[in-house]
Amino acid sequence: MYFEREFVVEHRVVVEELIARTHRAAFAIFVGTFAGYGVAIWVWFSGNMWAALIIATLSYLFFRQFRTLSFALARTQLRGRAVALPVVKRVEQALEKGAATDVMAELEAHLHAMGQDPAGD
């Protein structure tokens, strides 16, 4: 575990914003990747097989990193805000110990548990 429940409850708004920004960035990367695949198909049908192969390979490699990259983009957008600083620092400390997917999954699990908690915060 990287985060205590009290920390997530205290900084709930910032954590929710971080998760929402991460999902938006992941969606944009997903769309961009498949647009790259579309360009590769168009280039292939235009008769340039090697360029199409290179474009498709780069799109695939970009897609393989979408979780880590989207989480990094979301953190970068929050770095300039003083209210988000404790969350960003704690997330970066957690990333030194574990993978981005594990850290994000734990934050989402805490938020999901708080959403189902009848006592609230």
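You'll find the structure just up there.
The structure presented is a predicted model; accordingly, all values stated were derived computationally and were not measured. (Residues numbered from 1 in each chain as written. Predicted model: local features only at pLDDT ≥ 70, side-chain atom pairs only at ≥ 80, totals over all residues. Heavy atoms only, no water.)

## Side note on the packing of helix H2 (residues 12-45) against helix H4 (residues 66-78)
Reasoning step 1: Viewed as axis vectors pointing N to C, H2 and H4 meet at an angle of 130°, and their least axial separation amounts to 8 Å. By the angle between their axes, H2 is oblique relative to H4. In this structure, the crossing between H2 and H4 has a hand that is right-handed. Mapping the contact onto sequence places Val14, Glu17, Leu18, Arg21, Thr22, Ala25, Ala26 and Ile29 in H2 and Phe66, Leu69, Ser70, Phe71, Leu73, Ala74, Arg75, Gln77 and Leu78 in H4.
Reasoning step 2: Partitioned by chemical class, the residues of the contact of H2 with H4 number 11 nonpolar, three polar and three charged. (Axes fitted to C-alpha atoms, helices over the stretch in contact; angles between N-to-C directions. Helix = DSSP H or I, 4+ residues; strand = E, 2+ residues; numbered from the N terminus. Parallel < 35°, antiparallel > 145°, perpendicular 65-115°, else oblique. Left-handed = near helix turned anticlockwise from the far one by under 90°. Contact = heavy atoms within 4.5 Å. Nonpolar A, V, L, I, M, F, W, Y, C, P; charged D, E, K, R; others polar.)

## Observations concerning the packing of aromatic side chains
Reasoning step 1: The full count for this structure, using the stated rule, is seven aromatic pairs.
Reasoning step 2: Considering the side-chain rings of phenylalanine 34 and tyrosine 37, the 5.1 Å spacing of their centres and the 75° angle between planes classify their relative orientation as edge-to-face. Of the two residues, phenylalanine 34 and tyrosine 37 are both situated in helix H2; the distance of three residues between them amounts to about one turn of the helix.
Reasoning step 3: Look at phenylalanine 34 and you get partly exposed, because its relative accessible area is 41%.
Reasoning step 4: In this structure tyrosine 37 comes out as partly exposed when scored by relative accessible area, which is 23%.
Reasoning step 5: Of the aromatic side chains, those joined through ring pairs into one cluster are Phe30, Phe34, Tyr37, Phe63 and Phe66.
Reasoning step 6: Geometry around phenylalanine 7 places arginine 90 over its ring, the cationic atom sitting 4.1 Å from the centre. (Phe/Tyr/Trp six-rings, centres within 6.5 Å; stacked < 30°, edge-to-face > 60°. Buried < 20%, exposed > 50% of the residue type's maximum accessible area, 1.4 Å probe, protein only. Lys NZ or Arg CZ within 6 Å of the ring centre and 35° of its normal.)

## Overview of a nonpolar patch on the surface
Reasoning step 1: Among the surface-exposed residues, Ile41, Trp44, Phe45, Met49, Trp50 and Leu53 lie close enough to one another that they form a single nonpolar patch of about 750 Å² accessible area.
Reasoning step 2: Those elements that provide at least two residues to the nonpolar patch are H2 and helix H3 (49-64).
Reasoning step 3: Inspection of the secondary structure puts isoleucine 41 in helix H2. (Patch = residues over 30% accessible without salt bridge, like charges linked within 9 Å, V, L, I, M, F, W, Y side chains within 5 Å. Areas by Shrake-Rupley, 256 points an atom, 1.4 Å probe, with all protein chains shown as cover. Salt bridge = Lys/Arg side-chain N within 4 Å of Asp/Glu carboxyl O.)

## Topic: the nonpolar core
If you look at soluble globular proteins, the nonpolar side chains tend to sit buried side by side.
Reasoning step 1: One finds Phe3, Leu18, Phe71, Val91 and Leu107 to be the most contacted residues of the largest nonpolar core, which totals 21 residues.
Reasoning step 2: At the level of elements, helix H1 (5-10), H2, H4, helix H5 (85-97) and helix H6 (100-116) are the ones that each hand at least two residues to this core.
Reasoning step 3: The dominant element in this core, judged by the number of residues it contributes, is H6, at six residues.
Reasoning step 4: Other than its neighbours up to four places away in sequence, phenylalanine 3 contacts Val8, Arg90, Val91, Ala94, Val103, Glu106, Leu107 and His110. (Core = buried A, V, L, I, M, F, W, Y, C linked by side-chain atoms within 4.5 Å.)

## Some details on the packing of H4 against H5
Reasoning step 1: Two elements in contact, H4 and H5, have axes whose closest approach is 10 Å; the angle formed by their N-to-C orientations is 150°. With respect to H5, the axis of H4 lies roughly antiparallel. The way H4 lies across H5 gives a crossing that is left-handed. Every residue of H5 that contacts H4 at Phe71, Arg75 and Leu78 is listed here: Val88, Val91, Glu92 and Leu95.

Any link to function would need more than the numbers given here.
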